[in-house]
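# Structural description and commentary
Each chain, written out:
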Amino acid sequence: MRILAIVAALLVTGGVVTVAGSAFADSDSGSGDSGLLSAFSSDEDSGSGDSEQSSDDEGRSSDADEDQGSDEQGEQNGDENAGEDGQGDGGDERRGDENNGMTEDVGEVNADNEGAAVEAAEAEDPFPGRADAANADRGDYVDISDVEANGNIGEGGVFNDAQGTYTVDCGVSDHNNSDNYMAAPGKENGAQHVHDYVGNQTTDANSDDDPLQEAADAGQTSCVNGDGSAFFWPVLRDINGASPDEGENGGSLDGNVGSIIKPASADLTFHGHGDREITAMPSHLMMIMGNAKQGAQDGKNVNAKYTCSGQGNENRITEQYPICGPGEQLTRILDYPSCWDGENLESKDFRSHIFFPDDQGNCESDQEPIPALRITLKYDQPEGRTFQIDSFPNEQHDPRTDHSDFHNIASQASNDAGAECINENQDCANLQQ
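What counts, and at which threshold
- Residues numbered from 1 in each chain as written.
- Predicted model: local features only at pLDDT ≥ 70, side-chain atom pairs only at ≥ 80, totals over all residues.
- Heavy atoms only, no water.
- Buried < 20%, exposed > 50% of the residue type's maximum accessible area, 1.4 Å probe, protein only.
- Helix = DSSP H or I, 4+ residues; strand = E, 2+ residues; numbered from the N terminus.
- Pairing = 2+ DSSP bridges.
- Contact = heavy atoms within 4.5 Å.
- Polar contact = N/O pair within 3.5 Å; in protein donor to acceptor, adjacent residues only side chain to side chain.
- Arc of directions from axis to C-beta.
- pLDDT = per-residue confidence, 0-100.
- Salt bridge = Lys/Arg side-chain N within 4 Å of Asp/Glu carboxyl O.
- Phe/Tyr/Trp six-rings, centres within 6.5 Å; stacked < 30°, edge-to-face > 60°.
- Patch = residues over 30% accessible without salt bridge, like charges linked within 9 Å, V, L, I, M, F, W, Y side chains within 5 Å.
- Areas by Shrake-Rupley, 256 points an atom, 1.4 Å probe, with all protein chains shown as cover.
- Lys, Arg positive; Asp, Glu negative; His and termini not counted.
- Charge placed at Lys NZ, Arg CZ, Asp CG, Glu CD.
- Axes fitted to C-alpha atoms, helices over the stretch in contact; angles between N-to-C directions.

### Section: the pairing of strand β18 (residues 403-407)
Here β18 lies mainly inside the structure; five of its five residues are buried. Looking at chain direction, strand β9 (residues 286-290) and β18 are connected through five bridges and run antiparallel. Residue pairing in the sheet places M287 in a bridge with F406 of β18.

Next up, the structure:
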């Protein structure tokens, strides 16, 4: 399995828990392509295996990770581009749907450009894009009251009320780094943005199946049932807060500025979907959702979903940063693919072995329906346009870059029990390992 990851590294540039803050009612999930902001219900999301589209959430088909530049230049990037509310000065209009205003895919090469060429590009420019770092634009934000009711957007999130669920309580993050052992194995700061981790507490650039499994067996996990799986996603920051990583990789050097906001709650729930019985998820299955490099890759594989807590917002899902009302919490919804090829635990792009179901939640006949993971994160949100998720520097904190990684290290016994809960229409939690 590590061999695939190493192969992937050559293409690189440089993730639920209990119902502490429960996700919105599953029955409210719509067709998956309805609503005002569903411009990205793409065919590409289902992991075509196309080599030039094989960038996982951390942009794995890249070669030159970008221009490192001086420390002084990196420290300036976030603050110099801030507008009066902390956001960039791109105006009130939303960004274009393609390229994030870029004319080229900075720091990335075609997936067939492997070997010495990739190594040479990375050696010359290990952390590309820093000169283009900027905070999010004003148009990246929307008042939640201006979002039309749509029920659901993007891929996934269509669940079967006649089937059950199971959840795992892994708390909220107390472990952060800017690595991504899936997309950039062995490379420190391979993500060029900071991740929140729950579950396995040993995740770093050098993580792999065996040490992660050893950590899980030793109880080195934040999950109350001993589940040693790894779940991770980019942190949310208060732009005006004090940066814990000023002048550091993953922090201001890569355009990520401000204080890290710890989630108020993180809900990790696995759902049934479609018309067929659910197949147990295999241990050591790896997958991603979303695309951290979406701007550089023409919006492919975008699956960003945001809303606010509070009555009346349950059906208002947006791919922009929502400005919530008093007492409401910013909510991020991370929906994973749930149709497995039945054979591979991973693939070079972490997409070609796992797919999203159709608008009714059904998988293709040659695919196995496995539990659909939805991670729901809630935050006490700063006022106005003063928050953003971490991103690659040249993605400039576009909300559409939201993404998450999942490595299932739960025991096969608990995976089997979870599938049984779903198929028997039970709601289970913290299954024994």
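### Re the environment of D196
Note on placement: D196 falls in strand β4 (residues 195-199). Sequence-wise, D196 and D174 are 22 residues apart; in three dimensions their C-alpha atoms are separated by 7.6 Å. Not counting the four nearest positions on each side in its chain, D196 is found in contact with S173, H175, N176, F231, F232, W233, V235 and P263. Here S173 takes part through its side chain, which lies 3.1 Å from a polar atom of the side chain of D196.

### Here's the deal with helix α4 (residues 209-217)
For α4, the full list of buried residues reads D209, L212, A215 and A216. Mapping the buried residues of α4 onto a view down its axis gives an arc of 135°, with all of them on the same face. Exposed side of α4, more than 90 degrees from the buried face: D210, E214 and D217 are the residues found there. Where α4 is buried, its residues meet β18.

### Considering the confidence of the model for the chain
In the predicted model, the chain carries a mean pLDDT of 81, and the fraction of residues at 70 or more is 73%. Note that residues 1-84 has pLDDT below 50 and, in this model, 317 contacts with residues that lie over four places away or in other chains. Contacts from residues 98-114, a stretch scored under 50 in pLDDT, to residues over four places away or in other chains number 47 contacts.

### Some thoughts on the pattern of salt bridges
The full count for this structure, using the stated rule, is eight salt bridges. Between D254 and R130 there is a salt bridge, and its shortest N-O distance comes to 2.7 Å. Taken together, the positions of D254 in the loop between β6 (236-238) and β7 (259-261) and R130 in the loop between α3 (116-124) and β1 (141-143) put the pair 124 residues apart, joining distant regions of the chain. According to the relative accessible area criterion, D254 is buried, its value standing at 0%. In this structure, the salt-bridge partner of K305 is D335, at a minimum N-O distance of 2.6 Å. Taken together, the residues span a long stretch of sequence, with K305 in the loop between β9 and β10 (306-308) and D335 in strand β12 (residues 330-335) at a distance of 30 residues. With respect to class, K305 is no different from D335; both count as buried.

### Here's the deal with the packing of aromatic side chains
Tallying each qualifying case throughout the model produces 10 aromatic pairs. Arranged with centres 4.9 Å apart and planes meeting at 15°, the rings of F231 and F406 form a pair that is stacked. Remark: F406 occurs in strand β18 and F231 occurs in strand β5 (residues 230-234); sequence separation between them is 175 residues. Taken as a pair, F231 and F406 share a single burial class, namely buried.

### Some thoughts on a negative patch on the surface
Taken together, D275, D358, D359, E364 and D366 make up a surface patch of like negative charges. Checked against the element boundaries, D358 lands in the loop between β14 (354-355) and β15 (368-369). Residue classification places D358 among the partly exposed residues on the basis of a relative accessible area of 36%.

### Notes on the sheet that holds β4
Taken together, five strands build an open sheet; the order of strands is β3-β4-β5-β18-β9 and the sheet is antiparallel. Looking at the sheet topology across the chains shown, the edges are occupied by β3 (175-177) and β9. Adjacent strand axes in the sheet meet at a mean angle of 20°, parallel and antiparallel pairs treated alike.

### Regarding the environment of L268
Mapped onto the elements of the fold, L268 is located in strand β8 (residues 265-271). Residue L268 is classed as buried on the basis of its relative accessible area, which comes to 0%. Residues L268 and I375 lie 107 residues apart in sequence; the distance between their C-alpha atoms is 4.7 Å.

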